[in-house]
Amino acid sequence: MTVRVRFFAYFRELFGGKDRALDLPDGASVGEALELLCDSPARRAEIFDGGRPRPHIVVMISGAGLPPATGAATPLREGDVLAVFPMMGGG
Amino acid sequence: MNETLYGFHGKFLDIDLGTGDVRTKPLDPALFADYLGGRGLATRLFYDAVDPRCDPLGPDNVFVIATSPLIGTNAPTAGRGHMVFKSPLTGVIGTSNSGGTWGAAFKSTGFDALVVRGRAASPVFIDIAPGQVDVLPAHHLWGLDIHQTTDALASDPGPAGRPKILCIGPAGENLVRIAAVGNDKNRVYGRCGPGAVWGSKNLKAIRVAGREKILIRDKEQYRSGYEQALYLMKQAPVTKRLLRELGTAGLVELINVISMLPHKNFLDTRHNEEALERVSGETIARTILERAGGCTLCPIGCQRHTSLQGADGRTEKGEGPEYETVVMMGPVCDVYDLADITRANYRLNELGIDTMSFGGTVACAMELCERGLLAGEDAGGLDIRFGDGPALARLAVDTAYRRGAGALLAEGSFRLAGRFGRPDLSMSVKKLEIPGYDPRASFTQALGYMTSPTGACHLRGGYAVSLAFFGGTKEIPRFSLLQSPIAVRNMQNKGILQDSLGICRFTGFAFDVGPWARMMSGVTGMDFSEGRLEEIANRVAALERLFNFEAGATRDDDLLPPRFAEVPISVAGQERVVSRESQERMRDDYYQVRGWDVAGRPREGLLRALRIAGRTP
């Protein structure tokens, strides 16, 4: 299956663009998608702390948030749009 | 009283502009123990000084500015001032907070707070210098904008160095109900119309310069909180780099991802992604940003110092736009032109107008025009449509001088829409324009706007964006009727503490109140445990509510405009409104959580438990 991943803030530099299509095996999880994206030491160090995404990493599926504790296990579906960004606030 | 004071000076200025009396009054240390400083202290002094039924633009209104015991230390971001007054826009408590450098400069004059009452017979400014406080004529300043006034008053450094200036522009002088008060030219006490209160008192500016220091009681304890705070701010990307790189407008695209970015006077939350990118923090950084900047002791640096090339080839410089300015004058008006938004932002800063309420009011006017409701002689020739970006800067000037249609916009969106028979088209709560986060996309944000003491404010009502992203550390669902009342109470209390500590809200993205509790205890030698801070926040919330009741507010004022119950938006594939029933249920549960009665009034037992005294002479 193919999902679209959108990057924001300095993750655009980290991942080399605003978005990309990602081919994944059917039933792959959010965590597996992140693993596939982190194909360099710099990317991995930014996103993961040990085997888990860092607390400030926000991943949303088609505009819906994921709970930080269990979100990485969420299964993806064909056509999902993932948004990946560092926790941001302001305004 | 020869007792050594730690963290504060133990006195405040009480100035009656009607009589010219300038008095120095003692400040009971118990007030700091019970109200902390900043917003809490200002609210208490205000409550004691004002008749809640007064005309906000009459001589009986009072405004209070207060600082906190942390101001004067090197605590990160500790330089903010807080102003409390009765709002000419809302008729309830007005409370506004600003960074910049004026708050710290004021504290260095040897006073912790300032109470201003009465009305001068002719324009004046207040000059606070070491050992000397004067009320001086300001005829030569009247009519100048905020930048010109600042330059005129700051030109000659006195014995205490270059003074800092807090002042109004033409909008405040002309009693524009959404007028602001500015310091450092572009740092603004914006919401609820404080500029009009100053204008009604014939007060143009307050100039301060001082050299007084404060003492720290327990340096070791203070340092432990300070070092932890700095460490955590360097760990969190948002305080370490994101706000410096992108400014607050770095949120624009992200808020669109969660379907929370309003469009066309809150008719929907749909945007063209390419158009939106043109007004994003990334585009600002790439195109108009000259440098980032910070307020007093700020390691974050979210300020945007920008420049624009005019059609005539001239370069204009200024500050902004920030997230709220971008959204309220941009997508909410269906405008996606960064130059139009920035140019209007510059004019509003110079003239002294709140960019948020201005954007909301113009959007309301655009909808009234498109529906054919705003027409005829009463419309002052106004005919604007959604998307008319060039109109923004022109209307800013007209509003400040109440020229033509500007006289209508100067009243804010609620009075504007009401005049043409459709108050429901004003997207406001308690007549204060709703900020750039759509309440249909988060029940916590909706309830925050409903119950904010000042009307729809994301800062006084509670900032639900981090909850919307991923539930925050407590994993509060975005659409939980059950959990929203407690979440909102907690968010509001955290905001009260931040406003009362004199520090920046953005530190809250890196850490909670723990380090502040240690710093406050270390500075003052008083017990500011986290439990004690919670009690203080509840006390301030109850006192603000009490004032609003005495000013005539009722539970019916704690509701959203009908649009949010009737017109759905799509969030993650689901249609969302905040129905009237949901609003009433959350509101009533919130009253219970707060310990207020069914009418929303703080119960007598709560007031006794919080030791909230009645009015003191």
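The rules behind each value
Residues numbered from 1 in each chain as written. Chains lettered and ligands numbered in written order. Predicted model: local features only at pLDDT ≥ 70, side-chain atom pairs only at ≥ 80, totals over all residues. Helix = DSSP H or I, 4+ residues; strand = E, 2+ residues; numbered from the N terminus. Rg over C-alpha atoms; globule rule 2.2 N^0.38 Å. Buried ≥ 20, exposed ≤ 12 C-beta atoms within 10 Å, placed from the backbone. Contact = placed C-beta atoms within 7 Å. Nonpolar A, V, L, I, M, F, W, Y, C, P; charged D, E, K, R; others polar. Pairing = 2+ DSSP bridges. Axes fitted to C-alpha atoms, helices over the stretch in contact; angles between N-to-C directions. Core = buried A, V, L, I, M, F, W, Y, C linked by C-beta atoms within 7 Å. Left-handed = near helix turned anticlockwise from the far one by under 90°.

Asker: Please set out the overall build of chain B residue by residue, giving values where relevant.
Answerer: Across its full length, chain B carries 25 helices and 19 strands. Computed over the C-alpha atoms, the radius of gyration of chain B is 23 Å, within 12% of the 25 Å expected from 2.2 N^0.38 for a compact globule of 617 residues. Its C-alpha atoms put chain B at 70 × 55 × 45 Å along the principal axes. Taking all 617 residues of chain B together, 62% fall into the buried category.

Asker: Lay out the overall build of chain A in plain terms, naming residues and giving numbers.
Answerer: Counting secondary structure elements, chain A contains 3 helices and 7 strands. Secondary structure of chain A in N-to-C order comes out as β-α-β-α-α-β-β-β-β-β. Considered along the principal axes of its C-alpha atoms, chain A spans approximately 35 × 25 × 25 Å. Once local pairs closer than 6 in sequence are excluded, the contacts in chain A between residues at least 24 apart make up 52%.

Asker: How would you explain unusual backbone geometry if you had to name every residue and give the values?
Answerer: Looking along the chain, the bond that leaves Gly320 of chain B and enters Pro321 of chain B is cis, with omega of 5°. Counting through the fold element by element, Pro321 of chain B comes out in the loop between β15 (315-319) and α12 (323-329). Of note, Ala9 of chain A is a non-glycine position whose phi angle comes to about 55°, a positive value. By secondary structure assignment, the location of Ala9 of chain A is in the loop between β1 (2-7) and α1 (11-14). The backbone phi angle of Ala572 of chain B is positive, close to 50°, even though this residue is not glycine.

Asker: I'd like to hear about the interface of chain A and chain B, residue by residue, with values.
Answerer: Contacts between the two partners involve 21 residues from chain A, matched on the other side by 32 residues from chain B. Secondary-structure elements contributing two or more residues to the side of chain A that touches chain B are β5 (57-61), β6 (64-65) and β7 (81-86) of chain A. It is β7 of chain A that provides the largest number of residues to the side of chain A that touches chain B, a total of 3 residues. Within the side of chain A that touches chain B, the residues separate by chemical class into 14 nonpolar, 7 polar and no charged.

Asker: Which residues make up the sheet that holds strand β14 (residues 303-309) of chain B, and what are the values?
Answerer: All names here are of chain B. A sheet is described by the order of its strands in space; here 3 strands give the open sequence β13-β14-β15, paired in antiparallel fashion. A strand with exactly one partner marks an edge of an open sheet, and here the two such strands are β13 (289-293) and β15. Going from strand to strand, the sheet's axes swing by 15° on average, the running direction of each strand aside. Looking at chain direction, β13 and β14 are connected through 4 bridges and run antiparallel. Bridge pairing in β14 links Ala292 to Arg304. Against the sheet, helix α13 (residues 338-351) engages β14 and β15, with an angle of about 70° to β15.

Asker: Describe in detail helix α21 (residues 514-524) of chain B, supporting the description with residues and values.
Answerer: Think of an α-helix as turning once every 3.6 residues; residues three or four places apart then point the same way. All names here are of chain B. α21 sits mainly inside the fold: 10 of its 11 residues count as buried. If you check which residues of α21 are buried, you get Pro515, Trp516, Ala517, Arg518, Met519, Met520, Ser521, Gly522, Val523 and Thr524. For α21, the secondary structure elements touched by its buried residues are α1 (29-35), α7 (219-235), α20 (484-501) and α22 (530-550). Looking one or two residues past α21, Gly525 carries a phi angle of roughly 75°, positive in sign.

Asker: Quick one: what's the story with the sheet that holds strand β1 (residues 11-16) of chain B, residue by residue and with numbers?
Answerer: Residues and elements named next belong to chain B. Spatially, 6 strands are ordered β2-β1-β6-β3-β4-β5 in an open sheet, and the strand pairing comes out mixed. The open sheet has two edge strands, β2 (21-26) and β5 (93-98), and neither has a second partner. Between one strand axis and the next, the sheet turns by 15° as a mean value, whatever way the strands run. Examined bridge by bridge, strand β3 (residues 62-66) and strand β6 (residues 113-117) share 5 bridges and lie antiparallel to one another. By the bridge assignment for β6, Phe63 is matched with Val116. The strands that helix α2 (residues 38-49) touches are β3, β4 (81-86), β5 and β6; relative to β3, the one it contacts most, it runs at about 155°.

Asker: Describe in detail the nonpolar core, supporting the description with residues and values.
Answerer: By size, the foremost hydrophobic cluster in this structure holds 222 residues, and its most contacted members are Val64, Ala113, Ile353 and Ala365 of chain B. Every residue in contact with Ile353 of chain B, bar those within four places of it in the chain, is listed here: Ala171, Val176, Ile178, Ala179, Ala180, Leu348, Phe358, Ala396, Thr399 and Ala400 of chain B.

Asker: Pulling in residues and values, what's your account of the pairing of β7 of chain A?
Answerer: Residue and element names in this part refer to chain A. Within β7, 5 of the 6 residues are buried, which leaves the element mostly enclosed by the surrounding structure. Direction of pairing for β1 relative to β7: parallel, over a ladder of 4 bridges. Residue pairing in the sheet places Val5 in a bridge with Leu82 of β7. Where β5 meets β7, 5 bridges bridge the pair, whose relative direction is antiparallel. Paired with Ile61 across the bridge in β7 is Leu82.

Asker: Got a sec to walk through helix α18 (residues 443-451) of chain B? Specific residues and values, please.
Answerer: In terms of burial, α18 of chain B is a largely internal element, 9 of the 9 residues being buried. Inspection of α18 of chain B places Phe443, Thr444, Gln445, Ala446, Leu447, Gly448, Tyr449, Met450 and Thr451 of chain B among the buried residues, and these make up the whole buried set.

Asker: How would you explain the packing of α2 of chain B against α22 of chain B if you had to name every residue and give the values?
Answerer: All names here are of chain B. The N-to-C vectors of α2 and α22 enclose an angle of 35°; their axes lie 10 Å apart at closest approach. In this structure, the crossing between α2 and α22 has a hand that is left-handed. Facing α2, whose interface residues are Arg39, Gly40, Thr43, Arg44 and Tyr47, α22 presents Ile536, Val540, Leu543, Glu544 and Phe547.

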